There are 4 protein chains.
Amino acid sequence: MGQTGIGVIGAGRIGFIHCDIITNLVSNAHIVAINDVDEKHAAQALKLTGARFEADPQALIEAPDVDAVIVTSWDPTHEQYVIACIKAGKYVFCEKPLSNTSDGCRRIMEAEIAGGKRLVQVGFMRRFDEHYRALKRVIDSGQMGKVLMLHCSHRVPWPGGAKHTTDTLITRAVSHEFDINRWLLGEDYATAQVVRGRPSSYAEEGLEDPQLVILRTESGVVIDIEISMHAKYGYQVSCEAVCDEGTVRLASPAAPEIRRDLTMSQAVCPDWHERFRRAYEVELFEWVESVRNGKITGPSAWDGYQSSAVADVAVAAGEARRELEVAIGTCPEFYRES
Amino acid sequence: MGQTGIGVIGAGRIGFIHCDIITNLVSNAHIVAINDVDEKHAAQALKLTGARFEADPQALIEAPDVDAVIVTSWDPTHEQYVIACIKAGKYVFCEKPLSNTSDGCRRIMEAEIAGGKRLVQVGFMRRFDEHYRALKRVIDSGQMGKVLMLHCSHRVPWPGGAKHTTDTLITRAVSHEFDINRWLLGEDYATAQVVRGRPSSYAEEGLEDPQLVILRTESGVVIDIEISMHAKYGYQVSCEAVCDEGTVRLASPAAPEIRRDLTMSQAVCPDWHERFRRAYEVELFEWVESVRNGKITGPSAWDGYQSSAVADVAVAAGEARRELEVAIGTCPEFYRES
Amino acid sequence: MGQTGIGVIGAGRIGFIHCDIITNLVSNAHIVAINDVDEKHAAQALKLTGARFEADPQALIEAPDVDAVIVTSWDPTHEQYVIACIKAGKYVFCEKPLSNTSDGCRRIMEAEIAGGKRLVQVGFMRRFDEHYRALKRVIDSGQMGKVLMLHCSHRVPWPGGAKHTTDTLITRAVSHEFDINRWLLGEDYATAQVVRGRPSSYAEEGLEDPQLVILRTESGVVIDIEISMHAKYGYQVSCEAVCDEGTVRLASPAAPEIRRDLTMSQAVCPDWHERFRRAYEVELFEWVESVRNGKITGPSAWDGYQSSAVADVAVAAGEARRELEVAIGTCPEFYRES
Amino acid sequence: MGQTGIGVIGAGRIGFIHCDIITNLVSNAHIVAINDVDEKHAAQALKLTGARFEADPQALIEAPDVDAVIVTSWDPTHEQYVIACIKAGKYVFCEKPLSNTSDGCRRIMEAEIAGGKRLVQVGFMRRFDEHYRALKRVIDSGQMGKVLMLHCSHRVPWPGGAKHTTDTLITRAVSHEFDINRWLLGEDYATAQVVRGRPSSYAEEGLEDPQLVILRTESGVVIDIEISMHAKYGYQVSCEAVCDEGTVRLASPAAPEIRRDLTMSQAVCPDWHERFRRAYEVELFEWVESVRNGKITGPSAWDGYQSSAVADVAVAAGEARRELEVAIGTCPEFYRES
């Protein structure tokens, strides 16, 4: 079997990272075509990959040498391109969010189920991070007994620029947490609430940052998630599972231990890119392998919908200032096998 | 000035520990009289200290050679003895809880205010722990900016024996957390709620363990506290302060790092006694010094009342399954100076 | 430029690992031909890569589609194949040791210098390890001032099988340390000695394991290196640099922190493969890039010779039971630029 | 039994610390008399303790209310006062060094043996440090098998003032290491050497700092000890035992973990006083208990002699630039029981 041909829709920051990884580190695939609303914008990726520019996304999707598509365009366009891929029978890797609305995610699921074959993978890269995987192995080994609680934090040194609101902290940043904790525990959420308090001195007027999101899963596991978007002190994701037999904490990347000036210190990750660069590589490597094997095993459209729909409930719970039930339906038979 | 004479009411486990510390490690004080409902029960402490047995608590309190009293009797008797000490004008160190009811605490405050002089100290030993003090120094230094959140856990390998209920986990175990976080932050609580989920496989039928207590302070700091009473894996108290400029975590006692059997490990504390032994020593040393200086600086009756009253609100919030306001009055002028 | 064609001589354990990495993770290269003394032995690698079997190493080296060669054959054959590559004008990546004798290394250098172009890279994979690189960045940043001492250990849970002697612990295991510390410091060794003491209870009769190798560099940096070959408790490499302004320690890969059974623990690496898998990937990726750029930047034949020659001095010093001078010549002009 | 009366000869920095500890934290003892060459110099300690000034050291030693003596005078006077105590039949705690010469230590041993009763304890406070004790417990438990090597460092941010020489780094600073490692291993030294290299940029011209002292014990355990006297970055003692079954490292005091400015950091001890304050307390508490029990169990005159004599050998080995045998006699029967 020759190399798998990949088409890319959207060659911005994250799109370029994917192009770079596919081009250099995934021997079995290469980028053959790139679409962007602006060819000039795509120039750097075209140069890197040697791919051709394709002005029409639909033509890119349908091109015979495009075996699979990466959708990294503007969020509101995800739904349209993913559904086009499904209709064309092409595998599609869509950066998160799968759609900027839960309804969009639902329509993608419906299209995929109608097509009868799993074609969609959502870019929840944390599932491919070595530290999250090591944590899951410990939990799944059974040595800790049942999980009772998860304490999580997601701290981001927001560089400014694109505007965040109290709600987008939930829908965009916490969405990673919604996905990864479902994955760690292997079950869905039953209730959600949001506790808000003293905002960071660095948060813009009216922005509730940090927030504490509290979830309960169907079996009763209690999860608290701190989201801090003005964590200028360093990027950090943490997770501690409290279990019957003990506790286990997600590791962070190691760094040299320096003793100087009466302190012992280690550098921490400055941003998501350094923290998860390796996870992106593994994600794409495994995605290409699964495409070549004809069996998608990564995060599904159902996973994308869940994160999106739970986020909606959490946003509503934050406004209502109380715990709400998460009633977003059960997993369709179609998605049960993965 | 000669040694300060101490009378002890209640020579059980914690009473004996206090007797041992005063006798051996606090040069400026000695135990002169011990009361217990049963002289035989007190025998070990009498032998250790060389003190006399005093069958009548009131007589012990009033004895001329008793400069100060330690109350470590059965919880429901605390109020009566502490008030007797106040009336006799004697300094009194009362193990927590100050009283087994909030009303009892309030009556103690009233008596002390009526007496016009601070005589009461409550045994919140965590305030004397080197690690909590180091944490407070970092917070108070201002280098971290404002505190926004506290993430706390209190894990206890319950040895069985005395029966716990879902409520006593709050009123007895979390009470330490209620106190120490007020002390760390220098402010009182505005709201409380309790989130309950999947119980430990080791918890007795019907006992909600663990629980997640969520508080908000007057200024809006959000505090989440995990209480786990069946933490057979080891005793642990943890606290992470999320601040404007960064985060800071309570240290735990260090232990040798052992590499063996493909793991790197360190022993953790098996129980509260090993974790806080040194804090008890410092607590009594400083209490004796403050008695000798005529100015009590440790946790006051108001502090004892606060912990007790907030616990009551938290218990009610747990039953109501929602957030409740903590409306337990403002600090009397009398207690403001300490 | 199309994919770089790689020929592999020797398809054993490490040869197979290299084949796997090139085939799957280095997009710009592919394995085109494999030689092994036994075709059956090579079968697994042939299947993985889709390469052809080449019965004659010389023919493999000279094949037009072979742009570069990986030599992972039996140590005593390295010299012959590397020199053949040089004569054929082919780039060659040789697993360590470059030769099983210092003289062999020297002859390789002579051949390469005679050829007038750097073609040889030696497989000192630690230079590509993220943790060693992070350590070197800290040292090179100048923030720590001058390096004064290095404390190192290299602990290997020897699986048995191939027989080790007191000397091969130096020549084969410590050789990694000889290379990496020269690289960290950017200078060569002036003296070497070996201190031997109590052997491990697991060492075979007469085998001196562990040993402490002590080096001094030309500028006077003192380096102590513990080699432990019966470290059944886990694989570990450590390095602590003592500098003017402080100390800095090599990090180890992180693992989840587990609290259980009154201990806090983390898994450690069981073997070199898990510890350095990622370094092997980076090593080959960067080697292929340098081959494609026409400029080898990795460890040179001079580096290979240094490790081998210093090992010889250390073995002699161990026998002499005293410090010996390392007088193995100065770096030829030819190797200075790299 | 009433309080034990203590006389103190030498009320300088360390003498004052001992006075403070005895006065405040050791209930069973009090300071009754203080001698110093200058009464004014002693004033602070007299005020703290309420003791009387005693102008004549001999009179202090012989005073009926002095049950035991603490010698913290100028090093060269230790021998004379300790021998006077022995002759007067008084228990004596002598700060290290026991004498400023090995011969002086030997004469003290002779006097003590002649007297027929153990009266002398030397101030090797590390033996009372919780972290060293925890390390020894792990080693003594047998769980690690035999000890094969010890890697140690002793880093001191020298405040300047009193002048150090290359030799006093060994005789005064490393002497703590000579003692503690004998104690950890339960055996004496067979050989010693010193490796010197690049001096710290902060060391005065001609001062060899750091140095690496290498010892071998009678059973062959290899010990390397880094002494760094210009460790302005923070005080540190470290020790890693390499054993048959694994390795174990001395813990350091814990401090809050702070995340700020893209680093995770913890404060380290600035000096010996903060690092070992608690060990001094335990040392004196246990010494007083042993005096009251009539059986000295702490470091003996033999221990003091060993450290001093091994230091002499190490100094000679440093000058000779080679390994020397430590032939300083075997432990007299008299000291075997302790």
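The coordinates are above.
So, a few notes on the structure that sits alongside this text. (Residues numbered from 1 in each chain as written. Chains lettered and ligands numbered in written order. Predicted model: local features only at pLDDT ≥ 70, side-chain atom pairs only at ≥ 80, totals over all residues. Heavy atoms only, no water.)

## Brief notes about the sheet that holds strand β5 (residues 91–94) of chain B
Within a sheet, each strand pairs with its neighbour through backbone hydrogen bonds, oriented either parallel or antiparallel. All names here are of chain B. Here is the rule we go by: Paired strands, in this sense, are two strands between which DSSP finds at least two bridges. Here a strand is any run of E in DSSP of at least two residues, a helix any run of H or I of at least four, and the numbering for each starts at the N terminus. Two residues qualify as a contact provided that any one of their heavy atoms is within 4.5 Å of a heavy atom in the partner residue. Between N-to-C directions, angles cover 0 to 180 degrees, with each direction set by a line fitted to C-alpha atoms, over the stretch in contact for helices.
Strand order in the open sheet formed by 6 strands is β3-β2-β1-β4-β5-β6, and the pairing between neighbours is parallel. Across the chains shown, the open sheet's two edge strands, defined by having one partner strand only, are β3 (52–53) and β6 (120–122). Sheet topology places strand β1 (residues 4–9) next to strand β4 (residues 68–71); 4 bridges connect them, and they run parallel. Paired with G7 across the bridge in β4 is V69. This element, helix α2 (residues 39–49), spans β2 (29–35) and β3 of the sheet and lies at about 165 degrees to β2.

## Topic: helix α2 (residues 39–49) of chain D
All names here are of chain D. This is how it is decided: When accessible area is computed with a 1.4 Å probe and restricted to protein chains, residues below 20% of their type maximum are described as buried, those above 50% as exposed, and intermediate ones as partly exposed. An arc is given here, and it is the one of the directions from the helix axis to the C-beta atoms. Under the rule applied, a polar contact is a pair of N or O atoms within 3.5 Å (in protein, one hydrogen donor and one hydrogen acceptor; residues adjacent in sequence only if both atoms are side-chain atoms).
Those residues of α2 not exposed but buried are A42, A45, L46 and T49. The arc that holds every buried residue of α2, seen down its axis, measures 110 degrees, which confines them to one face. Facing away from the buried side of α2, by more than 90 degrees, are the exposed residues K40, Q44 and K47. Among the residues of α2, the N-terminal cap falls to D38, whose side-chain oxygen and the backbone nitrogen of K40 are separated by 2.8 Å.

## Here's the deal with the interface of chain B and chain A
Accessible area lost when the parts come together is the quantity often used to give the size of an interface. In plain terms, the rule: By definition, the buried area sums, over both parts, the 1.4 Å-probe accessible area that each loses when the two are put together. The term salt bridge refers to a pairing of a side-chain nitrogen on Lys or Arg with a carboxyl oxygen on Asp or Glu at a separation within 4 Å. Charged means Asp, Glu, Lys or Arg here, nonpolar means Ala, Val, Leu, Ile, Met, Phe, Trp, Tyr, Cys or Pro, and polar covers whatever is left, Gly included.
Of the residues lining the interface, 40 residues belong to chain B; the matching set on chain A comes to 39 residues. Counting each side, the surface lost to burial between chain B and chain A is near 3,200 Å², with a carbon and sulfur contribution of 50%. Connecting chain B to chain A are 4 salt bridges. Put simply, E240 of chain A and R155 of chain B hold a salt bridge, and the shortest N to O gap is 3.2 Å. Among the elements of the structure, β7 (147–155), β8 (189–196), β9 (211–217), β10 (222–228), β11 (236–243) and β12 (246–249) of chain B are those that each provide at least two residues to the side of chain B that touches chain A. Ranked by residues supplied to the side of chain B that touches chain A, first place goes to β7 of chain B with 5 residues. Its residues assigned to classes, the side of chain B that touches chain A shows 14 nonpolar, 12 polar and 14 charged.

## Brief notes about the packing of aromatic side chains
We count it as follows: Two aromatic rings, drawn from Phe, Tyr or Trp (for Trp, its six-membered ring), form a pair once their centres lie within 6.5 Å of each other, and the interplanar angle then sorts them: stacked below 30 degrees, edge-to-face above 60, tilted otherwise. For a Lys NZ or an Arg CZ to count as sitting over a ring, it must be within 6 Å of the ring centre and within 35 degrees of the ring normal.
Inspection of every chain in the model, using the stated rule, returns 24 aromatic pairs over all chains. Centre to centre, the rings of W302 of chain C and Y305 of chain C are 5.6 Å apart; their planes meet at 45 degrees, and the pair counts as tilted. On the criterion of helical spacing, the pair formed by W302 of chain C and Y305 of chain C is a turn pair, its members being 3 residues apart in helix α9 (residues 301–320). A single burial state applies to W302 of chain C and to Y305 of chain C, both of which are buried. Geometry around F276 of chain A places R275 of chain A over its ring, the cationic atom sitting 4.5 Å from the centre.

## Comments concerning the nonpolar core
The tendency in soluble globular proteins is for nonpolar side chains to be buried side by side. Test applied: The term nonpolar core refers to a set of buried residues drawn from Ala, Val, Leu, Ile, Met, Phe, Trp, Tyr and Cys, joined through side-chain atoms within 4.5 Å.
Residues I34, F178 and W287 of chain C are the most contacted members of the largest nonpolar core, which totals 112 residues. Among the elements that line this core, the one with the most residues is α9 of chain C, at 10 residues. Those residues in contact with W287 of chain C that lie beyond four places of it in its chain are I6, A68, V69, I70, V92, F93, Q121 and I296 of chain C. L119, I180, I227 and L284 of chain A belong to the second-largest nonpolar core, a separate cluster that totals 111 residues.

## Details of the pairing of β2 of chain B
Residues and elements named next belong to chain B. For clarity, the threshold we go by: The handedness rule is simple: strands pointing away from the viewer, and a clockwise path from the first strand over the helix to the second, make the crossover right-handed.
Most of β2 sits out of view: 6 of its 7 residues are buried. Sheet topology places β1 next to β2; 6 bridges connect them, and they run parallel. Counterpart to I9 in the pairing with β2 is N35. This β-α-β element, β1 to helix α1 (residues 13–25) to β2, shows right-handed connectivity. Relative to β3, β2 runs parallel, the two sharing 2 bridges. Looking at the pairing, A33 lines up with R52 of β3. A crossover links β2 with its parallel partner β3, the connecting element being α2, and its sense is right-handed.

## Re the interface of chain D and chain A
The interface of chain D with chain A comprises 16 residues on the first partner and 16 residues on the second. Here chain D packs against chain A, burying approximately 1,400 Å² in sum over the two surfaces, 56% of which is carbon and sulfur. If you look at where chain D meets chain A, you find 0 salt bridges. Within the residue set of the side of chain D that touches chain A, elements represented by two or more residues are β13 (257–260) and β14 (263–267) of chain D. Each residue belonging to the side of chain D that touches chain A can be placed in one class, and the counts come to 7 nonpolar, 5 polar and 4 charged. The sheet contact formed by strand β14 (residues 263–267) of chain A and β14 of chain D spans 5 bridges and is antiparallel. For A267 of chain A, the partnering residue across the bridge sits in β14 of chain D and is T263 of chain D.

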